[in-house]
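Architecture at a glance
Next come the chains, spelled out residue by residue.
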Amino acid sequence: APPAQPTTVTTIGQAYYCVFARYYAGPVLDDRVLLAAAFAGFTQELDRLGMDQPDATMPALTGHRDRDWDAFAAVYQKVTGQLRASPAQRQELAAATMTAMIASLDNNHARWEYPALPPGSVPGDLGITTSPGYPLTDIAPQEALPPLFITAVAPGSPAASRGLRPGDVIVSVDGAPPFADGIVSAGVMNLLYGPYPPPGRVSVRLHRPATGRTWTVTLTAAIYQASPPAVSAKLLDGDIAYVQLPGFFPGAADQVLQAITNLAPRAKLRGLILDLRGNGGGSPAEVSRLLGAFIHGAAWSYDCDVHGSCPANFTDSSVPLLHLRLVVLTDRNCVSACDAFSGAVKDLRLGTLVGTRTGGIVSAPAAAYLLDDASLIILPAKHELSANHELINGIGVAPGYYIPLTAQDLSTGHDPDITKALTLLGG
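The paragraphs below set out a description of the structure included in this document. Remember, it's a predicted structure, so these values are computed and weren't measured experimentally.

1. Quick word on the packing of helix 2 (residues 31–48) against helix 4 (residues 87–103)
At a closest axis distance of 7 Å, the pairing of helix 2 and helix 4 adopts a crossing angle of 145 degrees. Between helix 2 and helix 4 lies a crossing whose hand is right-handed. Residues Leu34, Ala37, Ala38, Gly41, Phe42, Glu45, Leu46 and Arg48 of helix 2 lie in contact with helix 4, whose contacting residues are Glu92, Leu93, Ala96, Thr97, Ala100 and Met101. Broken down by class, the residue content of the contact of helix 2 with helix 4 amounts to nine nonpolar, two polar and three charged.

2. What about the pattern of salt bridges?
Side chains that differ in charge, positive against negative, can pair when their charged atoms come close. In the structure shown here, the tally under the stated rule is 13 salt bridges. For Arg270, the salt bridge goes to Asp239, with nearest N and O atoms at 2.5 Å. One end of the pair, Arg270, is in the loop between helix 8 (252–263) and strand 12 (271–275); the other, Asp239, is in the loop between strand 10 (232–236) and strand 11 (240–244), and 31 residues separate them in sequence. Here Asp275 ties to Arg277 by a salt bridge, and the two come within 2.7 Å at their closest N and O atoms. Overall, Asp275 belongs to the buried group, its relative accessible area being 2%. Three or more residues joined by partner-sharing salt bridges are found here, namely Asp275, Arg277, Asp415 and Asp417.

3. As for helix 8
Along an α-helix, residues three or four apart share an orientation, since each turn contains 3.6 residues. Spanning 12 residues, helix 8 covers 17 Å between terminal C-alpha atoms, matching the ideal 16 Å at 1.5 Å per step. All buried positions along helix 8 are accounted for by Ala252, Ala253, Val256, Leu257, Ala259, Ile260 and Leu263. With its buried residues spanning 155 degrees around the axis, helix 8 presents them on a single face. Where the residues of helix 8 are buried, they touch strand 10, strand 11, strand 12 and helix 9 (284–291).

4. Quick notes on the environment of Cys304
Relative to the assigned elements, Cys304 resides in strand 13 (residues 299–304). Residue class for Cys304 comes out buried when judged on its relative accessible area of 1%. Taking the C-alpha atoms as reference points, Cys304 and Leu385, 81 residues apart in sequence, are found 7.5 Å from one another. Contacts of Cys304, omitting those with residues within four sequence positions, involve Ser309, Cys310, Lys382, His383 and Leu385.

5. A short note on the environment of Gln142
Mapped onto the secondary structure, Gln142 falls in the loop between helix 5 (136–139) and strand 4 (149–153). Note on Gln142: relative accessible area 57%, which makes it exposed. Each C-alpha atom of the pair Gln142 and Val184 lies 7.5 Å from the other, and the pair is 42 residues apart in sequence.

Rules used in this analysis
- Residues numbered from 1 in each chain as written.
- Predicted model: local features only at pLDDT ≥ 70, side-chain atom pairs only at ≥ 80, totals over all residues.
- Heavy atoms only, no water.
- Axes fitted to C-alpha atoms, helices over the stretch in contact; angles between N-to-C directions.
- Helix = DSSP H or I, 4+ residues; strand = E, 2+ residues; numbered from the N terminus.
- Left-handed = near helix turned anticlockwise from the far one by under 90°.
- Contact = heavy atoms within 4.5 Å.
- Nonpolar A, V, L, I, M, F, W, Y, C, P; charged D, E, K, R; others polar.
- Salt bridge = Lys/Arg side-chain N within 4 Å of Asp/Glu carboxyl O.
- Buried < 20%, exposed > 50% of the residue type's maximum accessible area, 1.4 Å probe, protein only.
- Expected span 1.5 Å × (residues − 1).
- Arc of directions from axis to C-beta.

Purely geometric numbers; function is a separate question.
Dropping the structure here:
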């Protein structure tokens, strides 16, 4: 089993070997696939930087794991040792190598992260969330549909200071359209979000459906005081609880339950609308606890290893049952733990899903490995099945009522998903 806390490795050879060769030891994975992908990413970045080298040739791989990883590390270190490269360029080479290697795993919860600021990076971000958005556009770009529009603006962010609002359609970024022939542009999304390197100064052309206005703003990534995710709640139609849950962060389930408790003295509740649109996932334990408010002791998912062993995850029986009719609002930005929760609600018949299919980015819990440059490799050891043993990863959970929230809806303040939910609950 992988360690619960990040494990430190000290050299690039140890990093590649410890994180991949030992983690995926045995017949499960051919290490030569990883090494070929890594070397392709490395040489492509060399070419992009104008630094290609005659010695940058893939070593002959024998299928002997130890020798192949050592041979790869030797060539990598020899080539990079000869380069007249800046620290930032060396980091770009390492990033391209690691990113390509991880991509060959074809696992949407395996990733490389650089929590420390890389050399020459721009701190902060623009402060927007979009539809379609990360991680869907990064992991499954073929599933992203136009137009690209803003769904949330962080208070105090660069976007907020320039007056951007939910519903604003992004027409172009630095003159480039977000979609070309119906396919989302990775370059445009990197300019807006850019996990590595972070975005700098960008010119964004916008259209506001509510007013018909089209204009251009210049945004510069910046650090700002971001509010932590929180649960919000209110009464609709006098006796329907509406709770918005942005993520399954630690304590999220109890915050939802407390919010419902706080509403109860004001009315005899006859239904709950749980808004999971834009929910980025989080802890399976929080999923188990929140599901426990609707059903006790039920298997809501299964985490399977490569040998076919699939132990069940059960709902938390210690949570008092709410005894409320449930409608869950979903969209393509509902991912990971949000995928899992939505799948459980549907499979266990705990409520009705309204909105659009979830993101389908739910692999399994992952472990973190700390590399010598302070970056992290995140790797899951298992894959997850839903309560009915179906695969959600890569597919998502289909709603009972397909009602997409559009830029026009957001811009004009109309929410057809909530309207349908109230109808279903008799509101």
